[in-house]
Amino acid sequence: MEIFTVMKLDRMSNAAILEMIGKRFLQARLNEGLEQQELADKAGVNVSTVQGLEGGKRSVGMLKVLAVLRALGKLHEIDNFMPEPPIKSASLITARNEPRKRVGKPKGDHQSSTGFEWNKTIQQLHGDKDK
């Protein structure tokens, strides 16, 4: 989708977008050479659903929209309507339904720290036996 189209859609009201989508459904039906009743029968919905969808005056449930898209042979257009979003690295863990894990000691582990001792560490590195 072009940037101009995205900007145009951002400025449109939901009602205006619904009307635009309705015109697209109307044109798709006409391109298939179907009457509203024929499309409704093929999709398994009421003719009022097709009329409402094409008129863009009222909302139609998603299941009915999918049925009409399927009847028009346009179900594959869902990928253009809303493509599958890319997976972000932070969501990889949650995608496996595993809780995120914090780095650090478990809360139940209350060992007191004696602190870091430089002299012992230096002696160990140099192999000094005199500690």
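Our subject is the structure that appears above.
The residue count restarts for each chain, going from 1 along the sequence in the order it is written. Whole-chain, interface and lining totals are the exception, using all residues; otherwise, since this is a predicted model, local features are given only for residues with pLDDT of at least 70 and side-chain atom pairs are given and counted only at 80 or more. Hydrogen atoms and water are omitted, and side-chain values are computed over all heavy atoms in the structure.

Details of the overall build of the protein
Let me state the cut-off plainly: The helix and strand labels rest on DSSP assignments: H or I over at least four residues marks a helix, E over at least two residues marks a strand, and numbering proceeds from the N terminus. Summary of the burial criterion: residues with accessible area below 20% of their type's maximum are buried, those above 50% are exposed, and those between are partly exposed, where the area comes from a 1.4 Å probe applied to protein chains only. In short, Shrake-Rupley with a 1.4 Å probe defines the accessible areas, and a residue's cover is counted only from the protein chains shown.
Helix and strand counts for the protein stand at eight helices and zero strands. Written out in order from the N terminus, the α and β elements of the protein read α-α-α-α-α-α-α-α. Residues classed as buried in the protein amount to 18% of the 131 residues present. Accessible surface, the protein as shown: approximately 11,300 Å² in total, 55% of it carbon and sulfur.

A few points about the environment of A67
Inclusion rule: The contact rule is simple, with two residues in contact once any of their heavy atoms fall within 4.5 Å.
Mapped onto the elements, A67 comes out in helix α5 (residues 62–71). With 23 residues separating them in the primary sequence, A67 and G44 have C-alpha atoms 7.2 Å apart. If sequence neighbours within four positions are ignored, A67 has contacts with A43 and V45.

Quick word on the packing of helix α3 (residues 36–43) against α5
Definition in use: Under this scheme, a helix contributes an axis fitted over its contacting stretch, all axes are lines through C-alpha atoms, and angles between N-to-C directions fall in the 0 to 180 degree range. Oblique is the label for any angle not under 35 degrees, not over 145, and not in the 65 to 115 range, which are roughly parallel, roughly antiparallel and roughly perpendicular in turn. In this count, Pro and Cys sit with the nonpolar residues alongside Ala, Val, Leu, Ile, Met, Phe, Trp and Tyr, while Asp, Glu, Lys and Arg are called charged and the others, Gly among them, polar.
Two numbers describe how α3 lies on α5: the axes approach to 8 Å, and their chain directions differ by 105 degrees. Viewed along their axes, α3 and α5 adopt a mutual orientation that is roughly perpendicular. Contacts from L39, K42 and A43 of α3 reach α5 at A67, V68 and A71. Class assignment of the residues belonging to the contact of α3 with α5 gives a composition of five nonpolar, no polar and one charged.

Focus: the side chain of R29
Selection criterion: Pairs of N or O atoms are called polar contacts if they sit within 3.5 Å, as long as, within protein, a hydrogen donor faces a hydrogen acceptor (for residues adjacent in sequence, only side-chain-to-side-chain pairs).
Assignment of secondary structure puts R29 in helix α2 (residues 14–31). A polar contact is formed between the side chain of R29 and the side chain of E54, at a distance of 2.5 Å. Every residue in contact with R29, bar those within four places of it in the chain, is listed here: L34, E35, Q36, L39, V50, E54 and L72.

Comments concerning the packing of α3 against helix α4 (residues 47–55)
Defined as follows: Left-handed describes a crossing whose near helix is turned anticlockwise from the far helix through less than a right angle; right-handed describes the clockwise counterpart.
Running from N to C, α3 and α4 cross one another at 115 degrees; their axes reach a closest spacing of 8 Å. One finds that α3 runs roughly perpendicular with respect to α4. The hand of the α3/α4 crossing is right-handed. Between α3, through Q36, Q37, L39 and A40, and α4, the contact on the second element is made entirely by V47, V50, Q51 and E54. Partitioning the contact of α3 with α4 into residue classes produces four nonpolar, three polar and one charged.

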